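Structural overview for review
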Amino acid sequence: MNESMEYRSPRDSDGHGTHTASIAAGRYVFPASILGYARGVAAGMAPKARLAAYKVCWNSGCYDSDILAAFDAAVADGVDVISLSVGGAVVPYYLDAIAIGAFGAADRGIFVSASAGNGGPGGLTVTNVAPWVITVGAGTIDRDFPAHVKLGNGKAISGVSVYGGPGLAPGKLYPLVYAGSGSQGGDGYSSSLCLEGSLDPNFVKGKIVLCDRGTNSRTAKGEVVRKAGGIGMILANGVFDGEGLVADCHVLPATAVGASGGDDIRKYISVASSKSKSSPSATIVFKGTKLGVKPAPVVATFSARGPNPESPEILKPDVIAPGLNILAAWPDRLGPSGILSDKRRTEFNILSGTSMACPHVSGLAALLKAAHPEWSPAAIRSALMTTAYTVDNRGESMLDESTGNSSTVLDFGAGHVHPQKAMDPGLIYDLTSYDYVDFLCNLNYTVNNVKIVTRKAADCSGARRAGHAGNLNYPSLSAVFQQYGKHRMSTHFIRTVTNVGDPTSVYKVTITPPSGTVVKVQPEKLVFRRVGQKLNFLVRVETRAVGLSPGGSSTKSGSIVWSDGKHTVASPIVVNMQQPL
């Protein structure tokens, strides 16, 4: 490692660790803001919790050996919660260092939360999918940082930014160019992305430059434009990014616009350039901080989505939490854009990612553990999942930022976490390490594979009694059907709930079956007489084959909700039909 660039200690030279740690357990700070944006009181989720940081990531990457060592060190240090805003490719659990380290922690009663990954909005992108961790996706909050593009033809394109330096002259329009049309050396592709050294200074000097998103970091593009003499930048989403926008602390006046906005600006540039009288022009108008935004929460475009590529019997992500444009702490030797040449210094920064969502849940888990010291990690996760909500602040179902349409359980899992309700969930779905071993055995892992995960002797003899992998006592239910020419298919789940609410309580079930399926729950009523009492119920799912092309799949969702009139214990139920190749 280059010791002038990073520290051989847990000290943070990147900003990511400081930011995520303060979200979990930062103390109250007022006033907190970044360059005047997002002003107010800042606090982590568990401001009085103690914090230990273990460095597993370096400039050269995050190593499995460090990840395993950090898990073991944290377990030895006696932590209650491990927050992991790190992720890689999805591989079988016995090849997955995070899954192996997390199993050892969960086995010792430590709650492990992990980010779902930022590979959305496509399906099968979710990572950190082991059933002994809570997998956290990202949602928006009701706060925005509008920065609109005003074109010479009078049209306004909405965008977002937290640029806080000297702005553009008010009321003045600047010449506007598309980076892809003025390349140095004729490579239009790399100049369209504003890659290092790709812009011709004669083409961009004194102009606002439109750059396409992708390859290099968003703030690095601004630095490339600034070095080439550009006066401002508009960052346009590609088709796959859709309309999902992320606010950045750019090094020059800049804003981010969606895919359709980018198309509009490109169209305007080519039309205006073809007319001899007018040349394309624009300015960027920064509007500061906007609160009370509706709809919110919305599932962030980048948030990784299900189905679970490793074990589709377990619905992942589990929940979503705030992960877009989150203000949190920032180290003192690093500019807020994360670029070395950025000499600005801020105590806070606004970042986005499932990395920011995960520590929100870690902090909530610490609060739940403090309120209920006897709860297992599975109990804490169950409380967070069964009390989560799926309705936004308009009272409608949550939207997906990438499409503007309704989101699904594959996007948000059980829903958005609801801290107050999680304190008193009524019933919990509990699990032990023995249950996870049965689950691994039912994935047809060899005993040796299972032992690699558990790091001790493993016994698969009880696995047949558990039935199938989907019978793990998980707060969500996921039925997977392979359509081998059978017309009608059925499966069943057994679940056990533990009463943590009122001693004498009667829970009645409400079923919303996934379309095209019949769902039956027996019994339909659970009568509890004491706290800690466990009762079982059976869920039968019947469905008919659907028309799919070979290799195709279809997912439908519904819910099973138990209520005693005071508590609502909700579980998503997903039916996944797969047509074999």
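Residues numbered from 1 in each chain as written. Predicted model: local features only at pLDDT ≥ 70, side-chain atom pairs only at ≥ 80, totals over all residues. Heavy atoms only, no water.

Applicable threshold: UniProt positions are given in the numbering used here, feature names are shortened, and annotations may be inferred rather than shown by experiment.
As annotated in an unreviewed UniProt entry, the chain carries the name Subtilisin-like protease and is attributed to Rhizophora mucronata. Looking at the chain in UniProt, the text filed under Subcellular location (unreviewed entry) is "Secreted, Extracellular space, Apoplast". Here is the UniProt Sequence similarities (unreviewed entry) comment for the chain, exactly as written: "Belongs to the peptidase S8 family."

Focus on unusual backbone geometry
For clarity, the threshold we go by: By definition, any uninterrupted DSSP run of H or I lasting at least four residues is a helix, any uninterrupted run of E lasting at least two residues is a strand, and each is numbered from the N terminus.
In the segment running from F30 into P31, the intervening peptide bond is cis, with an omega of -5°. Tracing the backbone shows P31 in strand β1 (residues 29-34). Across the junction of Q522 and P523, the peptide omega takes the value -10°, indicating a cis bond. A positive phi angle is found at N128, which is not glycine, with a value near 50°.

Regarding the state of the cysteines
Worth spelling out the cut-off: Cysteine sulfur atoms are paired as a disulfide whenever they fall within 2.5 Å. Exposed residues in this analysis have more than 50% of their type's maximum accessible area, buried residues have under 20%, and partly exposed residues fall in between, with area computed by a 1.4 Å probe over protein chains only.
Per the stated rule, a full pass over the model turns up 3 disulfides. Each disulfide pairs two cysteine sulfurs, and for C57 the partner residue is C62, the sulfurs being separated by 2.1 Å. Classification of the bridge connecting C57 and C62 rests on its S-S torsion, roughly 105°, and on that basis the disulfide is right-handed. Owing to a relative accessible area of 37%, C62 belongs among the partly exposed residues under this scheme. Between the sulfur atoms of C194 and its disulfide partner C211 the distance amounts to 2.0 Å. Handedness of the C194-C211 disulfide follows from its S-S torsion of about -85°: it is left-handed. You can see C194 sitting in the loop between α4 (188-192) and α5 (201-204) and its partner C211 sitting in strand β13 (residues 208-212), a full 17 residues away along the chain. Across the chain, the way the bonded cysteines pair up, counted in sequence order, is 1-2, 3-4, 5-6. Cysteine C249 shares no disulfide, and the gap to the nearest cysteine sulfur, in C211, comes to 17 Å. The thiol of C358 is unpaired, and the distance to the nearest cysteine sulfur, on C57, comes to 12 Å.

Some points on empty space enclosed by the protein
Operational definition: As defined here, a cavity is a set of points on a 1 Å grid over the protein atoms alone where a 1.4 Å probe fits but cannot get out. A pocket is an open set with protein on both sides within 12 Å along at least five of seven lines, and residues line them when an atom is within 4 Å of a point. Grid points are joined across faces, edges and corners, and a volume is the space filled by probe spheres set on the points. Residues were grouped as follows: Ala, Val, Leu, Ile, Met, Phe, Trp, Tyr, Cys and Pro as nonpolar; Asp, Glu, Lys and Arg as charged; and all remaining residues, including Gly, as polar. Each domain's limits were defined by an automated method or a database of domain assignments.
On inspection of all chains with the given rule, the structure shows 1 cavity of 30 Å³ or more. What the largest cavity holds in volume is close to 50 Å³. Lining the largest cavity, in full, are P307, N308, P312, I314, L315, L410, S478, V480, V574 and N576. A breakdown of the residues in the lining of the largest cavity according to their chemical character gives 7 nonpolar, 3 polar and no charged. Both domains that meet at the lining of the largest cavity, namely domain 1 (16-140 + 294-380) and domain 3 (427-431 + 473-579), each give it at least three residues.

A short note on the packing of aromatic side chains
Cut-off, in case you're wondering: Stacked, edge-to-face and tilted are the three classes for Phe, Tyr and Trp ring pairs, Trp counted by its six-membered ring, which pair at centre distances within 6.5 Å; planes under 30 degrees apart are stacked, over 60 edge-to-face, the rest tilted.
All told, the structure shown has 12 aromatic pairs when counted by the stated rule. An angle of 75° between the planes, with centres 6.4 Å apart, marks the rings of Y429 and F537 as edge-to-face. Here the residue Y429 occupies a position in the loop between β21 (427-428) and α12 (433-442), and F537 occupies one in strand β27 (residues 534-544), the gap between them amounting to 108 residues. For F537, a relative accessible area of 2% puts it in the buried group.

Overview of the pattern of salt bridges
Basically, it comes down to this: For this analysis, a salt bridge means a side-chain nitrogen from Lys or Arg found within 4 Å of a carboxyl oxygen belonging to Asp or Glu.
Throughout the structure, instances matching the rule amount to 16 salt bridges. Here R305 ties to D400 by a salt bridge, and the two come within 2.9 Å at their closest N and O atoms. On the criterion of sequence distance, the pair formed by R305 in the loop between β17 (290-291) and β18 (319-322) and D400 in the loop between α9 (377-386) and α10 (409-412) is long-range, its members being 95 residues apart. Among the residues examined, D400 registers a relative accessible area of 8% and is labelled buried. With a shortest N-O distance of 3.9 Å, E542 and K520 are connected by a salt bridge. Here K520 lies in strand β25 (residues 517-522) and E542 lies in strand β27, a separation of 22 residues in the sequence. A single network of salt bridges, built from pairs that share partners, joins D212, D263 and R266.

What about the domain arrangement of the chain?
The assigned domain composition of the chain is domain 1 (16-140 + 294-380), domain 2 (147-286) and domain 3 (427-431 + 473-579). Each of domain 2 and domain 3 has a C-alpha centre, and the two are 50 Å apart.

Regarding the nonpolar core
Across soluble globular proteins, you tend to see nonpolar side chains buried next to one another. Basically, it comes down to this: What makes a nonpolar core is a set of buried Ala, Val, Leu, Ile, Met, Phe, Trp, Tyr and Cys residues whose side-chain atoms join them at distances within 4.5 Å. Only heavy atoms matter for contacts: two residues are in contact if any of them lie within 4.5 Å across the pair.
Ranked by internal contacts, the top residues of the largest apolar core, which has 72 residues, are Y93, W132, V361, L384, F439 and L440. Of the residues that make up this core, three or more belong to each of domain 1 (16-140 + 294-380) and domain 3 (427-431 + 473-579). Discounting chain neighbours no more than four positions away, the residues touching W132 are Y93, A99, A102, F103, A106, R381, Y436, F439, L440 and V453. In this structure, A32, A179, C194 and V224 belong to the second largest nonpolar core, which totals 29 residues.

Overview of the side chain of S402
Its place among the elements puts S402 in the loop between α9 and α10. Since its relative accessible area comes to 13%, S402 is described here as buried.

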